[in-house]
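# Analysis of the macromolecular model
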Amino acid sequence: MPVALILGATSDIAQAIAKQLAKENFNLILAARNIDYLKRIQHDLQVRYSIQVDTVYFDAISFDQHEHFIQQLSVFPELVILCFGYLGNQNAAEKNWEEAYKILSTNYLGAVSILNRIANEMEKRKKGTIVAISSVAGDRGRKSNYLYGSAKAGLTAYLSGLRNRLYSSGINVITVKPGYVATKMTENMSLPQILVASPEQVAKRIWKAIHGRKNTIYVKKLWLWIMFIIKIIPEPIFKRLNM
Amino acid sequence: MRKKVANWGNYPVIESELYHFRTDKELENFLTLPSIIARGNGRCYGDSSLSSYMLSTLHFNKAISFDIEKGIFTCEAGMLLDDILQIIVPKGWFLPVSPGTKYITVGGAIASNIHGKNHHIDGTFCRHVIEIDVLTADGNIYTCSPQQHAELFQATCGGMGLTGIILRAKFKLKKIETSYIDHIQIKARDLYEILDLFEIYQHCTYTMAWIDCLKQGKQFGRSILMMGEPADKDKLKHHLHSSALSTHPTNHVSFPVNMPSFFLNPFTMKAFNNLFYWKNIRKQIHTIVHYDPFFYPLDKILHWNKGYGKKGFIQYQFVLPIESSQKGLIDILKRINQYGTGSFLAVLKLFGNDESFFSFPMKGYTLALDFPVKKGLFTFLDQLDRVVLDYGGRLYLTKDARMQPEIFWKSYPHAQAWHEIMRKYNTGYKFRSMQSDRLEITSPHNQEKYASSTYFGSHI
Ligand SMILES: Cc1cc2nc3c(=O)[nH]c(=O)nc-3n(C[C@H](O)[C@H](O)[C@H](O)COP(=O)(O)OP(=O)(O)OC[C@H]3O[C@@H](n4cnc5c(N)ncnc54)[C@H](O)[C@@H]3O)c2cc1C
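The shown structure was predicted, so the numbers you read here are calculated from the model rather than taken from an experiment.

Turning our attention to unusual backbone geometry. Residues and elements named next belong to chain B. Note the cis peptide between Tyr 11 and Pro 12, where omega equals -5°. In this fold, Pro 12 is placed in the loop between strand S1 (2–5) and strand S2 (14–20). Phi at His 149 takes a positive value of approximately 45°, unusual for a residue other than glycine. Structurally, His 149 is set in the loop between strand S9 (141–144) and helix H5 (150–156). By relative accessible area, His 149 is classed as partly exposed at 37%. The phi dihedral of Tyr 429 falls on the positive side, at around 50°, and the residue is not glycine. Structurally, Tyr 429 is set in the loop between helix H12 (415–425) and helix H13 (434–438). For Tyr 429, a relative accessible area of 13% corresponds to the buried category.

Residues and elements named next belong to chain B. Read from one edge to the other, the open sheet built from 4 strands follows the order S1-S2-S4-S3, with strand pairing classed as mixed. Lying at the two open borders of the sheet, with one neighbouring strand each, are S1 and strand S3 (37–39). Between one strand axis and the next, the sheet turns through 50° on average, direction left out of account. Note: S1 against S2, 4 bridges, orientation antiparallel. Looking at S2, one finds that Lys 3 is bridged to Ser 16.

Residues and elements named next belong to chain B. Surrounding the ligand, one finds 34 residues, the nearest of these being Ala 38, Arg 43, Thr 105, Ser 112 and Tyr 396. Gly 108 places a main-chain nitrogen or oxygen 2.9 Å from an oxygen atom of the ligand. Between the ligand and Ser 112 there is a distance of 2.7 Å, counted from an oxygen atom to a side-chain nitrogen or oxygen. For the ligand, whose accessible area on its own is 960 Å², the fraction buried by protein is 96%. Listing elements by their share of the shell around the ligand, those giving two or more residues are S3, helix H3 (106–111) and strand S10 (165–172). Residues of the shell around the ligand, tallied by class, amount to 15 nonpolar, 16 polar and 3 charged.

Scoring rules and cut-offs
- Residues numbered from 1 in each chain as written.
- Chains lettered and ligands numbered in written order.
- Predicted model: local features only at pLDDT ≥ 70, side-chain atom pairs only at ≥ 80, totals over all residues.
- Heavy atoms only, no water.
- Helix = DSSP H or I, 4+ residues; strand = E, 2+ residues; numbered from the N terminus.
- Buried < 20%, exposed > 50% of the residue type's maximum accessible area, 1.4 Å probe, protein only.
- Pairing = 2+ DSSP bridges.
- Axes fitted to C-alpha atoms, helices over the stretch in contact; angles between N-to-C directions.
- Near = heavy atom within 4 Å.
- Polar contact = N/O pair within 3.5 Å; in protein donor to acceptor, adjacent residues only side chain to side chain.
- Areas by Shrake-Rupley, 256 points an atom, 1.4 Å probe, with all protein chains shown as cover.
- Nonpolar A, V, L, I, M, F, W, Y, C, P; charged D, E, K, R; others polar.

Without other data, these values stay purely geometric and don't point to any function.
Have a look at this one:
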């Protein structure tokens, strides 16, 4: 059976992806910081799908541990899904460097650090798929979340470069921009329901994208149009908007 | 964040805080709130899981273990029966007790101590529970069972979330050879016949009846008795052998919008009831059906409850002791008949003996029917409550949204004893719901007011 590695495996989207992949007969390696929670997810998947599930400690911002993390994996996965991310608090981050650094390092540096290593290994094997959850917030900086947005913009640019590099080795890189998803991250926001996807919808879309070797996907089509409009508003007008 | 929340009856609707937790640690933080009540999937009909601070268990829903040899399942309390079925059925196991919907959580099944079509044989859900973990107001998590912390266990079964938050449960499953039911339906021309049929078919594993509450005259109480036995493999048609343990499909139709309330008038209801009764042309029908349409016919249409309109509805479920059941049912059905806007169809069932310390079922007949909320309904139901009480009966708390406290305290024989145990674990009434406040279970003065108030009825 093929093996998938899920980074940030305790997030709601990651858990939905794990179930989707289990249904497609993948064995899984789940990586995250909260080992107790990981174990619960591991048992759940084993009971539900009778697949093999391993758990490994992984901290996105312990960059110096990342090489060791890759080395210790018992098998190298053909599919890697990067799900970790940190929304943080924009206001706090404007005043407090630590919060700003945490947003930038988790969403951007952490992703680059681990994906660099994974990409090199996959390139050697000439085989593999990388899926990373970026964000529509990276499509254009807005005052309400531009720290998170700029980190995700960095990630999106990184992924398109990586896709370009790995294309000739037959490795596919997929950028996912989910839009609003009903997860822990958005639990306390009141959002227009037509724009909100469920984690299961995201997981299904991702599975289809893996299968169809897609490049960049939005989960709900509507987001494509919304972001298109947001992107074409001329800057002299955009800067006056309350977004 | 404040949210509009209602349970299945869409009455009452409140705006209040709904919190979620995913780990034990996150849960601990919520104990600092002034008060909380656990909320499963909101399939109770009234206000049992509503309050100013609700704690959803839906993200605390992991499977923990499944012993396929012994048929023992362990999971977190927020897991849905729907998910459990998907896991256990292919391995030849089924839920020991199942309600009329699979969209409830294990925590909800225990807190309401639910019953199914097999109550007269297998009792309530909690009879099959081996062990539960409960977080109480002091912040401790007790592992309790009929043997260990037995008091807490008994008070939590049917305790409507008032002893604490059920976190995990381990329970026994029922062995099945196929996922199909050997199903017999018999038409009963009136109430007397259906009561006889229930007696005659007491040995059947699953029994319940649809009863037409609107029919007057000679066919008063006409019904259809539905019976079922788990089907053996040799009962299945050949083409089904390879899928003998198939689970239910996951697709359904959604009820589009709230129906305008004039849709449900006495005329449409009578027409519907006639249709239902006459679609069974023969006296007796024998079929082999999958468990899904047999146990969960209403689950096919998600949110069918919207059919009752914006104002919502009350599901009224009572039980009468066996001695007074016949007399009481005639009396109550006549009153409902006069009132005129009872539901399409009501569910009638004969319970067996029940050993639970604090739960709804008792040996006798239970009837459940829906009333759309409208002017005059609550006055009528208050009158009906008195009648139920006079026959020595009681109402199902998980369906209740409007009963007066006095009725509750008088009709649940162990209310006082239960309350004393519950209070030990629920210090300062940390766990409280709109229902527990309304019934004066979690208000300070109830002790003297309702002391030894159990009432055994004047009609028996
Ligand atoms: C279509 C339909 C058919 C039904 N048929 C039947 C039937 O045949 N037999 C029957 O007995 N019932 C039946 N019910 C009622 C239903 O089974 C119960 O109301 C059940 O308790 C709902 O569970 P829930 O997970 O939705 O919990 P909720 O409705 O959210 O809560 C119900 C109660 O359980 C408590 N609770 C929930 N989770 C926990 C927890 N983890 N710890 C402590 N307390 C908790 C809540 O505080 C509340 O008091 C039916 C309901 C519907 C909608």
